[in-house]
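Structural description and commentary
So you can see what is in the structure, the chains are spelled out below.
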Amino acid sequence: MTERYWAEHAWLPSGVASGVLIEVTDGRITAVSTPVEPSPGVVRLAGLTLPGLANAHSHAFHRGLRGRTQADRGTFWTWREQMYALAATLTPDRYHALARAVYTEMVLTGITCVGEFHYVHHAPGGAPYADPNAMGEALIAAAADAGIRVTLLDTCYLTGGFDRPLEDVQLRFGDTTAERWAERVSALRPDGGHVRIGAALHSVRGVPREQIGPVVEWAAATGAPLHVHLSEQPAENEACLAAHGVTPTRLLADAGALGPRTTAVHATHLTPADIALLGATRTVACACPTTERDLADGIGPIRTLFEAGSPVSLGSDSHAVIDLFEEARAVELDERLRTRERGHWRAAELLRTAFAHDSLGWPDAGALEVGARADLVTIRTDTIRTAGFTPATAAETAVFAAGGADVASVIVDGRAVVTDGVHATVDAGRELARALA
Ligand SMILES: [Zn+2]
């Protein structure tokens, strides 16, 4: 069966067009025609229709920290203690309930695919559940409930620092060795077309140098994306230099971990040589500006990485905010504050960073073109934020004026998940409140 959508305005690969008929069969775009008048029987999409947004970096359970970690000054490291306390309370059922609401919150803001950087694998104390992938499967089920695609970036996390074992809550994260991590991940046989399995190295703090290779090999053998937290804090760089005499980027490069299937998350505190390595290997840089500002991490050299050759993706990471429009504009606005100059990025470039589905292993998503997955996200152009929209400044409106609250309709793989700002099946606010009570 073919669905016919008529978009008042749409962001096509060739630019913004007005009066666009998008035909969808079996979850794929089969025709795009413009300019076309709306005919009877079409589903009208009033406003600006975009491809689905890709949230390239998520820890779903961190949503439970929103608004609860601001009372005392704290540091990244005291925030991490609060995060660990929350992680200690998760069971597969609790995690399913929380993630289902968080993923629904994402879809409501136009996100159609999430990269879940997942490391709470085991029961408290570190013993595997009867099903060793019970937690990952809870997340996959949550994504299905919310109507979002998920790449479960199953994370290898073996040490609490250079030459420090995992302790306390961290025991839940560990698989002892990279080989055992690979065994567990290989046993994941997820149901449904909405899921892919990817690999992650927690960080060079969390995976000893000699254990990085097997994770890289597993990702290469399965064609899976590989993600890694990189240089979010100067302390990580200092400890890596002290332990190994090289920067985290150099360590990953020497282990064969960089390349176009790899995403370096944060990439905040880099040397010029690090930037050259990441760019030359076409490693994706995932910026998470709202988390980085919340945690006082610093401002990463995202524009410089982009110019060096790294594609850029966006993540809401700790979910202090879930709004990729806000992340996209922060990439530019942070740079303005740092340099006291405007105009580092063009709005269309910033908007494209929100469509990095390929970095999550879905190269056939993120564009309104024939053959692509039918992810259609429509923002209203008549709200208090977006009124004044013109087709000529559509990208500027989306990036510098709109927010997730302006998303009226979300279609994921041809399925209407959000209509008139309302999710088809999940009451996210109520379920979030219940999950966080
Ligand atoms: Zn993270």
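The model shown is predicted, which means the values in this text are computed figures rather than measured ones.

Looking now at the overall build of the chain. Assigned secondary structure in the chain consists of 14 helices and 18 strands. The C-alpha radius of gyration of the chain comes to 21 Å, within 12% of the 22 Å expected for a compact globule of 437 residues. Counting only residues that meet the buried cut, the chain has 54% of its 437 residues in that class. The long-range fraction of contacts in the chain, counting pairs at least 24 apart against all pairs at least 6 apart in sequence, stands at 74%.

Another aspect to go through is the pairing of strand 2 (residues 15-25). In terms of strand pairing, strand 1 (residues 2-12) meets strand 2 through 10 bridges, oriented antiparallel. Residue Ala7 lies in a different strand from strand 2, and its bridge partner there is Val20. Where strand 2 meets strand 3 (residues 28-33), five bridges bridge the pair, whose relative direction is antiparallel. Looking across to strand 3, one finds that Glu23 is bridged to Ala31. Joining the antiparallel neighbours strand 2 and strand 3 is a turn of two residues, in which Asp26 adopts a positive phi near 50°.

As a further point, take unusual backbone geometry. Cis geometry is found at the peptide bond from Thr34 to Pro35, where omega equals -5°. Within the element layout of this structure, Pro35 appears in the loop between strand 3 and strand 4 (43-51). In this structure, His319 is a non-glycine residue whose phi angle is positive, near 60°. Along the chain, His319 falls in the loop between strand 14 (312-314) and helix 11 (324-339).

Attention shifts here to the sheet that holds strand 16 (residues 407-412). Read from one edge of the open sheet, eight strands run 3-2-1-4-15-16-17-18, paired in mixed fashion. Edge positions in the sheet fall to strand 3 and strand 18 (422-423), since each has one partner strand and no second. Bridge analysis of strand 15 (residues 376-379) against strand 16 gives four bridges, and the strand direction is antiparallel. Paired with Leu376 across the bridge in strand 16 is Ile411.

With that settled, consider the sheet that holds strand 10 (residues 195-201). Adjacent strands of a sheet pair through backbone hydrogen bonds, lying either parallel or antiparallel. As summarised here, the arrangement of the eight strands in space is 5-6-7-10-11-12-13-14, forming an open sheet in which the pairing is parallel. In this open sheet, the two strands that pair with only one neighbour each are strand 5 (53-58) and strand 14. Strand-to-strand twist in this sheet, taken as the mean axis angle between neighbours without regard to direction, amounts to 25°. When strand 6 (residues 111-118) meets strand 7 (residues 149-156), the two strands line up parallel, connected through six bridges. By the bridge assignment, Gly115 is partnered in strand 7 with Thr151.

Before going further, it helps to examine the environment of Thr91. Mapped onto the elements, Thr91 comes out in the loop between helix 1 (76-87) and helix 2 (92-108). Once the C-alpha coordinates of Thr91 and Val185 are considered, the two residues, 94 residues apart in sequence, prove to be 19 Å apart.

What follows is about the UniProt feature "domain: Amidohydrolase-related" (unreviewed entry) in the chain. The UniProt record marks residues 50-417 with the feature "domain: Amidohydrolase-related" (unreviewed entry), using the residue numbering of this structure. Along residues 50-417, the helical share is 36% and the strand share 18%, with 15 Å between the first and last C-alpha atoms.

In a packed pair of helices, the relevant descriptors are the angle between the two axes and the axis-to-axis distance. Between helix 4 (residues 178-186) and helix 5 (residues 209-222), the least distance of the axes is 8 Å, while the angle of their chain directions is 25°. For the element pair helix 4 / helix 5, the angle class is roughly parallel. Between helix 4, through Ala178, Glu179, Trp181 and Ala182, and helix 5, the contact on the second element is made entirely by Gln211, Pro214, Val215 and Trp218. Each residue belonging to the contact of helix 4 with helix 5 can be placed in one class, and the counts come to six nonpolar, one polar and one charged.

Among the nonpolar cores identified, the biggest contains 134 residues, and Leu139, Ile148 and Val215 are the most heavily contacted of them. Counting residues per element, this core draws most heavily on helix 2, which supplies nine residues. For Val215, the contacting residues outside a window of four places in its chain are Cys156, Ala178, Trp181, Ala199, Leu201 and Val207.

Running from amino to carboxyl end, helix 2 crosses helix 3 (residues 134-146) at an angle of 35°, the nearest separation of the two axes being 8 Å. The crossing of helix 2 and helix 3 is right-handed. Taken together, the residues of helix 3 that come into contact with helix 2 (itself represented by Pro92, Tyr95, His96, Ala99, Arg100, Tyr103, Thr104 and Val107) are Ala134, Met135, Ala138, Leu139, Ala141, Ala142, Ala143, Asp145 and Ala146. For the contact of helix 2 with helix 3, the per-class residue count stands at 13 nonpolar, two polar and two charged.

Rules behind the numbers
- Residues numbered from 1 in each chain as written.
- Predicted model: local features only at pLDDT ≥ 70, side-chain atom pairs only at ≥ 80, totals over all residues.
- Helix = DSSP H or I, 4+ residues; strand = E, 2+ residues; numbered from the N terminus.
- Rg over C-alpha atoms; globule rule 2.2 N^0.38 Å.
- Buried ≥ 20, exposed ≤ 12 C-beta atoms within 10 Å, placed from the backbone.
- Contact = placed C-beta atoms within 7 Å.
- Pairing = 2+ DSSP bridges.
- Axes fitted to C-alpha atoms, helices over the stretch in contact; angles between N-to-C directions.
- UniProt positions renumbered as here; feature names shortened; annotations may be inferred.
- Parallel < 35°, antiparallel > 145°, perpendicular 65-115°, else oblique.
- Nonpolar A, V, L, I, M, F, W, Y, C, P; charged D, E, K, R; others polar.
- Core = buried A, V, L, I, M, F, W, Y, C linked by C-beta atoms within 7 Å.
- Left-handed = near helix turned anticlockwise from the far one by under 90°.

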